[in-house]
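Listed below, chain by chain, are the residues.
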Amino acid sequence: MAERVHMSGIGKRFGETVALAGVDFTAARGEIHGLLGENGAGKTTLMNVLSGLYRADRGQIAIDGVAAAISAPSDALRHGIGMVHQHVELIPTFSALENVLLGREGGRLWLRPERHREDIEALAARFGLALDLDVEVRRLAVGVQQKVEILRSLYRGVGILILDEPTTMLTPQEVDTLFGTLRAMADQGLTVVFITHKIREILANCDRVTVMRGGLQVATLARAEMDEGRLIELMIGERLQSSSPIAQASSGDVVLDVRDLAVQGERGRPVLADCTFRVGAGEVVGVAGVAGNGQRELADALAGALRPAGGRILLGGRDVTAASVRTRIAAGLVVIPEDRIADGLLPGLSVAENLVLGLHPFAFGGGLSFDRGRARALAREAIAEYAIRARSEDAMAVELSGGNIQKVLVARAMAQARAVGGRLLVATNPTRGLDVRATEFVRRRCLAFAEAGGGVLLFSEDLDELRQLCHRIVVMFRGAIVADFRRERFDPYAIGRLMAGAANPAAP
Amino acid sequence: MSLWLLVDPHLWQQTLVYAAPLIIAALGELIIERSGVLNIGIEGMMLVAAVTCFVVTWQTRSAAAGIVAGMGAAAILTLLLVYYAVALGGPQITVGLGLYVLGVGLSSLLFRVVFGVRTSPPSVQTLAPVPLPGLADLPVVGHVFFHQTLLTYLAFLLVPLVHLALFRTPWGLRLRATGENPRSVDALGISVERLRYGAAAVGGLLIGLGGAYLPIVLTGTFSDNMTAGRGWLALMLVIFGRWMPFTALGGALLFAYVEAFQFKAGIVEKAVPVQFLLMLPYLFALVVLVRIYRGARAPQALAVPYDREARG
């Protein structure tokens, strides 16, 4: 195999944090090369260095055996390196065609997009990228936006394409299509670098894999040498037991009964319509859906942050549709919000103060006084029980790492549940961005909540996570619940089709 | 009050005269904002342009020299803003407000340095209207549209020009892209800094032209604070026009009409207090903005400094 990319001894710091501590990486012509590691392992940073977005503090890069000085994205492009970032980097108000042309418009004075349409369409066909070039990008599904980004790189004639966690927001069907395209690219001699933390995707699609841990390259394996256990061990540095199987849901009371719930968005457009579903006691119900199909609004309406335009929410048989947040908490609602920093906590306050938020009307005997001593005692308990890594209970929340912030939120939710008798846990992407251990920890706590007789409503972009944890999965599309799957009927492709808007064949 | 006043051809003709500086300055601001930089100091920049234009015209007896000097003066200030915003990543609202205050003070100071304190202000010859041959003799329309100064014609010509530049050239595509998502533009190997400096230079020249218009077409002299909120109106016109040149022009005509009406009514209708009439354009602006601002979509990266290595 001809060596295409050779990076050696790459080092990069951000302030005090060492992101890359002398990493070696090679990729060959015509291969799909996986770059595997946990969040924070340095995968993205390494590839940002290769694509010129970050400037390395030290180390060398050679492309096709020739030393390359890459200090800006324009240098990388000159060497035929393109990158598709985790969050789509397109101009939302431009058409797909304009996005592809941007920066390589051709022609001096006037913009003539039509002249290049044929070339671009031919290129798209060659790599199996079917899309309509005239639609404004913001109206396209995430999977299609990603195709536009890939096409944009191909139009620049890149020979090395890096994709950063490209499957995160895709349905299983879209993932298959993506890998079809990547394989076509590799077959035509391109080098594809595929960043992920999902071992299954590596095993299914990559010719070789480089594993990173803690800013270091720990191994590079050929396809024949890969197996799941070995990759996990390399990735996290130890053997880990995988998640415990979930217990049978106790077929008892209904803790959450949502009927015909509707929410109006900006300009009176309905963002949630006729949402009807139930969560039973001891049951974990997953909500699957492509981001932006009303999941956030549903979670907010349940939490009391959004006022519904119609329908009813019954929590433990009690109508809380118009109830205040405090009433809901008192009725047993516990929330782990999606955006941990913006919605989850107050970054400038201490861990102790954050832990007592929401719990405060119940923790201090209903009085108006804030009992600092009691708050700190509760915080010390939580820090010990949840192994939160903080300087002390007085440390500011903003000092904690993402995983520890998430632990604070989980600890707070569970403390609330304990104080008022938790009936329903609403959690949105509770494990996003966490390492394997913290993920495992959060999942166990959610399952324990259900085992203790509460109901759990779990919103997640990760279909694998939902399939692993849930008794049932409901699918959201355009603000409505379009399907309800029981565990024995979980089929990622069937769920994926519904997420993408296909009619439910099983619907009455 | 006679309703005929509302459709008086002279009122319409004056509407165009007053709309011109608003639209020129608004186009300048629009170009800068499309690149993702918010220039909130536009009022001060117009003032500096006005005083520079007046002083240079006074000294050289050349209106052209004065106009060019005024444009240059404003462009220096917009480039200064972008230096702070782009090179230093500073807060654009704070720097912009600082430049506004600086402009107010600097313009009055410059005037006093050159002319001292006087009871009767010096004045220069304003530009004469240039009737367009053939067109100027048309009934009503000729008087309204084609008895204007060259600068006024230019103002209206600039609207389609800026529109074409923004939507039909590679430069415009890149400029708009920078205002929406600079990281994307950077990743394609296009310099965000260069685009923003370029937009600031072009926009600054236009804002300067709008400021220079005031002494050289409207008054023939300079007085403290003579922009009288026109910079703020231009800033608002960009929002009103939803960052589109032709819609901004519509807004400029609307406000200029109210402004011209206020002058006209002040002469014809003595019963209405002049202060009330003076208030009209701003009151109008307030009412319109409340309606318009809902659903307006600003460039996504407006007023956000771009840092390539920012994580997250």
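Not measured: the values here are computed from a predicted model.

What counts, and at which threshold
- Residues numbered from 1 in each chain as written.
- Chains lettered and ligands numbered in written order.
- Predicted model: local features only at pLDDT ≥ 70, side-chain atom pairs only at ≥ 80, totals over all residues.
- Heavy atoms only, no water.
- Contact = heavy atoms within 4.5 Å.
- Buried area = accessible area lost by both parts, 1.4 Å probe.
- Salt bridge = Lys/Arg side-chain N within 4 Å of Asp/Glu carboxyl O.
- Polar contact = N/O pair within 3.5 Å; in protein donor to acceptor, adjacent residues only side chain to side chain.
- Helix = DSSP H or I, 4+ residues; strand = E, 2+ residues; numbered from the N terminus.
- Nonpolar A, V, L, I, M, F, W, Y, C, P; charged D, E, K, R; others polar.
- Domains from an automatic or database assignment.
- Patch = residues over 30% accessible without salt bridge, like charges linked within 9 Å, V, L, I, M, F, W, Y side chains within 5 Å.
- Areas by Shrake-Rupley, 256 points an atom, 1.4 Å probe, with all protein chains shown as cover.
- Pairing = 2+ DSSP bridges.
- Axes fitted to C-alpha atoms, helices over the stretch in contact; angles between N-to-C directions.
- Buried < 20%, exposed > 50% of the residue type's maximum accessible area, 1.4 Å probe, protein only.
- 1 Å grid on protein atoms, 1.4 Å probe; cavity = no way out; pocket = protein on both sides within 12 Å on 5 of 7 lines; lining within 4 Å.
- Points joined across faces, edges and corners; volume = space filled by probe spheres on them.

1. Quick word on the interface of chain A and chain B
Step number 1: Taken together, the 32 residues of chain A in the interface contact 27 residues of chain B.
Step number 2: Carbon and sulfur atoms make up 60% of the area that chain A and chain B hide from each other, which totals about 2,500 Å².
Step number 3: In terms of surface lost to chain B, no three residues of chain A exceed Leu-53, Glu-89 and Leu-111 of chain A, which account for 20% of the buried area on that side.
Step number 4: In this structure, the connection of chain A to chain B is made through one salt bridge.
Step number 5: As a salt-bridge pair, Glu-105 of chain A and Arg-174 of chain B come within 2.8 Å of each other at their nearest N and O atoms.
Step number 6: In this structure, the connection of chain A to chain B is made through seven residue pairs in polar contact (both at pLDDT 80 or more).
Step number 7: Going through the elements one at a time, β1 (3-14) and α2 (73-78) of chain A are the ones with two or more residues in the side of chain A that touches chain B.
Step number 8: The leading source of residues in the side of chain A that touches chain B is α2 of chain A, at three residues.
Step number 9: Here the side of chain A that touches chain B is built from residues that sort into 14 nonpolar, seven polar and 11 charged.

2. Notes on the domain arrangement of chain A
Residue and element names in this part refer to chain A.
Step number 1: Under the domain assignment, chain A is made up of domain 1 (3-236) and domain 2 (254-499).
Step number 2: The straight-line distance from the C-alpha centre of domain 1 to that of domain 2 is 34 Å.
Step number 3: On the domain 2 side, the residues contacting the 12 residues of domain 1 number 16 residues.
Step number 4: For the domain 1 and domain 2 pair, buried surface summed over both sides reaches about 1,200 Å², with 55% attributable to carbon and sulfur atoms.
Step number 5: On the domain 1 side of the contact with domain 2, Met-169, Pro-172 and Gln-173 bury the most area, a combined 34% of that side's loss.
Step number 6: In this assembly, domain 1 and domain 2 are joined by one salt bridge.
Step number 7: Linking domain 1 to domain 2 there are two residue pairs in polar contact (both at pLDDT 80 or more).
Step number 8: Per-element tally for the side of domain 1 that touches domain 2: the top contributor is helix α6 (residues 172-187), with three residues.
Step number 9: Of the residues belonging to the side of domain 1 that touches domain 2, the class tally is four nonpolar, four polar and four charged.

3. Some details on a nonpolar patch on the surface
Step number 1: Where nonpolar side chains cluster on the molecular surface, the patch consists of Leu-102, Leu-106, Leu-109, Leu-110, Val-113 and Val-114 of chain B and spans about 470 Å² of accessible area.
Step number 2: Its location among the elements puts Leu-109 of chain B in helix α4 (residues 92-115).

4. Concerning the sheet that holds strand β17 (residues 424-428) of chain A
Pairing between sheet strands relies on hydrogen bonds along the backbone, with the strands arranged either parallel or antiparallel.
All names here are of chain A.
Step number 1: The strand order across the open sheet formed by six strands is β16-β17-β18-β13-β19-β20, and the pairing between neighbours is mixed. Because the sheet does not close on itself, it has two edges, and the strands there are β16 (333-336) and β20 (480-486). Here the average twist between neighbouring strands, direction ignored, is 20°.
Step number 2: Lying over the sheet, helix α9 (residues 295-303) contacts β13 (284-288), β16, β17, β18 (455-459) and β19 (472-477), oriented at roughly 145° with respect to β18.
Step number 3: Packing of helix α15 (residues 402-420) onto the sheet brings it into contact with β16 and β17, and relative to β16 it is tilted by some 180°.

5. Quick notes on the pattern of salt bridges
Residue and element names in this part refer to chain A.
Step number 1: Scanning the entire structure with this criterion turns up 34 salt bridges over all chains.
Step number 2: When the shortest N-O distance is used, the salt bridge between Asp-257 and Arg-278 registers 3.7 Å. In this pair, Asp-257 is assigned in strand β11 (residues 254-264) and Arg-278 in strand β12 (residues 270-280), connecting sequence segments 21 residues apart.
Step number 3: Given a relative accessible area of 9%, Asp-257 falls into the buried group.
Step number 4: Given the relative accessible area of 45%, Arg-278 is considered partly exposed.
Step number 5: For the salt bridge of Glu-399 with Arg-391, the shortest nitrogen-to-oxygen distance reads 3.3 Å.
Step number 6: Residue class for Glu-399 comes out partly exposed when judged on its relative accessible area of 46%.
Step number 7: Each of Arg-296, Glu-338, Arg-432 and Glu-461 takes part in one network of salt bridges that share partners.

6. A look at the layout of surface pockets
All names here are of chain A.
Step number 1: Taken as a whole, the second largest pocket encloses approximately 700 Å³ of empty space.
Step number 2: Lining the second largest pocket are 22 residues; nearest its centre among them are Ser-401, Gly-402, Gly-403, Asn-404 and Leu-434.
Step number 3: Elements supplying a minimum of two residues to the lining of the second largest pocket: α11 (340-344), α15 and α16 (436-451).
Step number 4: Considering every element that reaches the lining of the second largest pocket, the biggest residue donor is α15, with five residues.
Step number 5: Looking at the lining of the second largest pocket residue by residue, the classes come out as seven nonpolar, seven polar and eight charged.

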